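# Structural overview
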Amino acid sequence: MALRRSRRRISASHDYWPGFVDAMATLLLVVTFLLSIFMLVQYFVTQEASGKDTALEKLNRQISQLTDLLSLEKRKSEDLDDQLASLSASLSQSKNENQKLQGLVGAEDEKSKSANTRIGVLAGELEGQKEISKNALARVELLNQQLLALRRQISALQNALDTTEKRDKESQAQIADLGKRLNVALAKRVQQLQQYRSDFFGRLRNVLGTRENISVVGDRFIFQAEVLFPSGSDNVNDLGKLELDKLAQVLVEIEDDIPTEINWVLRIDGHTDIRPIATGRFPSNWELSSARAISVVKYLIDKGVPPNRLVAAGFGQNQPIASGSSNQALERNRRIELKFTEK
């Protein structure tokens, strides 16, 4: 009878130990599975959400904290494994420590319950992190859509820029062509103007005759001031009126021959010598030279020359054609110049 009771106690003791080992193995598998799921979730969350938003950095810090907690639980589990190994050694050495082992098993049950409670808390936190990850992924998707829209806008802008550059090249080609045409037209008009200038000077020379105090220099027809004005005056004298009548006649005649598209003018330039003048009417040579040019313009207008074909300018003593202060040089520099030109 005693032998049977002893066998029952041994059998009961042996039946409890495999169950305890299974429970601890199951606990270890659950912790390992949860850790694997956590690491897998952390990997995908890190891959999907890295660098997308500052909120993900907070998530990574929380995941790091969870990792530390799981590492702590893993170390606790390893401690349990060490304790189980110690218990197994104790059981193989002495059955007399069965009661002590049962007490340790009870303590381990309490630890297991605590671990399960902690696992439940971690599972809840993991669900919360999944929700955060879901929201982060939604934000990442929104950012991807915005990025795609931005790329489409950039592509449209690039196409518009390409079109604009193409049009600009075409415009540049057209401008170059127009420039060539304009240069040809200008050269033609300059040639025509030179032709009419030569015609004008030729007619004027024939009308005025060959005189010492009237000359042609380049593209200018020069009257010495004494031909048109008394000394220090801007009133045209009688001889000057006769000469200007001839000039007006030539201008009226040649105007009808010049095409209307040539916008020509006759510029009247007044010049004095270097001797200063200071009167109430003419404070300086500027006023005298300008007044003489204006007097010639007004006289020609009175003789029928269109005002829009005349220009008056005064240069004072600043554009001499002869150097020195001799009487001959001074006389040459006192002059009225006519220049047939284009506006």
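Residues numbered from 1 in each chain as written. Predicted model: local features only at pLDDT ≥ 70, side-chain atom pairs only at ≥ 80, totals over all residues. Heavy atoms only, no water.

Our focus in this paragraph is the overall build of the chain. Each helix and strand counted, the chain has 7 helices and 5 strands in total. Its helices and strands taken in sequence order, the chain reads α-α-α-β-β-α-α-β-α-β-α-β from the N to the C terminus. Expressed as a percentage of the 343 residues in the chain, the buried residues total 29%. If you take every contact in the chain between residues at least 6 apart in sequence, the share linking residues at least 24 apart comes to 74%. (Helix = DSSP H or I, 4+ residues; strand = E, 2+ residues; numbered from the N terminus. Buried < 20%, exposed > 50% of the residue type's maximum accessible area, 1.4 Å probe, protein only. Contact = heavy atoms within 4.5 Å.)

On to the side chain of Asn-285. Here Asn-285 shows up in helix H6 (residues 285–302). The exposure class of Asn-285 is buried, given its relative accessible area of 6%. For Asn-285, the side chain forms a polar contact with the side chain of Gln-317, separated by 3.3 Å. (Polar contact = N/O pair within 3.5 Å; in protein donor to acceptor, adjacent residues only side chain to side chain.)

Of all 8 residues that make up strand S3 (residues 264–271), 7 are buried, and the element is covered over most of its length. Direction of pairing for S3 relative to strand S5 (residues 335–342): antiparallel, over a ladder of 8 bridges. Bridge assignment links Ile-268 to a residue of S5, and that residue is Leu-338. Relative to strand S4 (residues 310–314), S3 runs parallel, the two sharing 5 bridges. Bridge pairing in S4 places Gly-270 opposite Gly-314. Regarding the hand of the β-α-β motif, the stretch spanning S3, H6 and S4 is right-handed. (Pairing = 2+ DSSP bridges. Right-handed = clockwise from strand over helix to strand, strands pointing away.)

What the rule picks out here adds up to 2 aromatic pairs. Between Phe-221 and Phe-223, the ring centres sit 5.7 Å apart and the planes meet at 45°, which makes this aromatic pair tilted. When the ring of Trp-264 is compared with that of Phe-340, the centres are 5.1 Å apart and the planes differ by 25°; the resulting orientation is stacked. Residue Trp-264 is found in strand S3, and its partner Phe-340 is found in strand S5; the two are separated by 76 residues along the sequence. Residue classification places Phe-340 among the buried positions, given a relative accessible area of 0%. (Phe/Tyr/Trp six-rings, centres within 6.5 Å; stacked < 30°, edge-to-face > 60°.)

For the rest of this paragraph, the subject is the nonpolar core. Among the nonpolar cores identified, the biggest contains 26 residues, and Ile-268 and Leu-300 are the most heavily contacted of them. When contributions to this core are tallied by element, the ones reaching two or more residues are strand S2 (220–224), helix H4 (225–228), helix H5 (238–257), S3, H6 and S5. Residues within four places of Leu-300 in sequence aside, it is in contact with Leu-244, Leu-247, Ala-248, Leu-251, Ile-268, Val-305 and Leu-310. Phe-20, Val-31, Leu-80 and Ile-119 belong to the second largest nonpolar core, which has 7 residues in total. (Core = buried A, V, L, I, M, F, W, Y, C linked by side-chain atoms within 4.5 Å.)

What follows is about the pattern of salt bridges. One pass over the full model with this rule turns up 8 salt bridges. Its salt-bridge partner being Arg-220, residue Glu-337 comes within 3.2 Å of it at the nearest N-O pair. You can see Glu-337 sitting in strand S5 and its partner Arg-220 sitting in strand S2, a full 117 residues away along the chain. Accessibility expressed as a relative area gives 23% for Arg-220, which makes it partly exposed. A salt bridge links Glu-337 to Arg-335; the nearest nitrogen and oxygen atoms lie 2.6 Å apart. Note on Glu-337: relative accessible area 3%, which makes it buried. (Salt bridge = Lys/Arg side-chain N within 4 Å of Asp/Glu carboxyl O.)

Along any regular strand the residues' side chains alternate between the sheet's two faces. Examined bridge by bridge, S2 and S5 share 5 bridges and lie antiparallel to one another. Paired with Gln-224 across the strands is Arg-335, a residue of S5.

Let us look at a negative patch on the surface. A cluster of like negative charges, contributed by Glu-78, Asp-79, Asp-81 and Asp-82, occupies part of the molecular surface. Positionally, Asp-79 belongs in helix H2 (residues 54–93). (Patch = residues over 30% accessible without salt bridge, like charges linked within 9 Å, V, L, I, M, F, W, Y side chains within 5 Å. Areas by Shrake-Rupley, 256 points an atom, 1.4 Å probe, with all protein chains shown as cover. Lys, Arg positive; Asp, Glu negative; His and termini not counted. Charge placed at Lys NZ, Arg CZ, Asp CG, Glu CD.)

Right, let's talk about H5 for a bit. Counted at 1.5 Å a residue, the expected span for H5 with its 20 residues is 28 Å, and the 30 Å between its end C-alpha atoms agrees. Considered for burial, the residues of H5 that qualify are Gly-240, Glu-243, Leu-244, Leu-247, Ala-248, Val-250, Leu-251 and Ile-254. The N-terminus of H5 is capped by Asn-237, whose side-chain oxygen sits 3.3 Å from the backbone nitrogen of Leu-239. (Expected span 1.5 Å × (residues − 1).)

For the rest of this paragraph, the subject is the packing of H5 against H6. Their axes nearest at 9 Å, the elements H5 and H6 cross at an angle of 60°. It follows from the interaxial angle that H5 and H6 lie oblique. Note on packing geometry: the crossing formed by H5 with H6 is right-handed. Between H5 and H6, the contacting residues are Lys-241, Leu-244, Asp-245, Leu-247, Ala-248 and Leu-251 on the first element and Val-296, Tyr-299 and Leu-300 on the second. (Axes fitted to C-alpha atoms, helices over the stretch in contact; angles between N-to-C directions. Parallel < 35°, antiparallel > 145°, perpendicular 65-115°, else oblique. Left-handed = near helix turned anticlockwise from the far one by under 90°.)

This next bit is on a nonpolar patch on the surface. Residues Leu-40, Tyr-43 and Phe-44 make up a contiguous nonpolar surface patch of roughly 330 Å² in combined accessible area. By the element assignment, Tyr-43 lies in helix H1 (residues 2–49). On the basis of relative accessible area, Tyr-43 is assigned to the partly exposed category, the value being 48%.

Attention now goes to H6. The end-to-end C-alpha distance of H6, which contains 18 residues, comes to 26 Å, matching closely the 26 Å that a straight helix rising 1.5 Å per residue would cover. Along H6, the positions that sit buried rather than exposed are Asn-285, Leu-288, Ser-289, Ala-291, Arg-292, Ala-293, Ser-295, Val-296, Val-297, Tyr-299 and Leu-300. Positive phi shows up at Gly-304, right after H6, with a value of about 105°.

The quantities given are spatial measurements derived from coordinates; they are silent on function.
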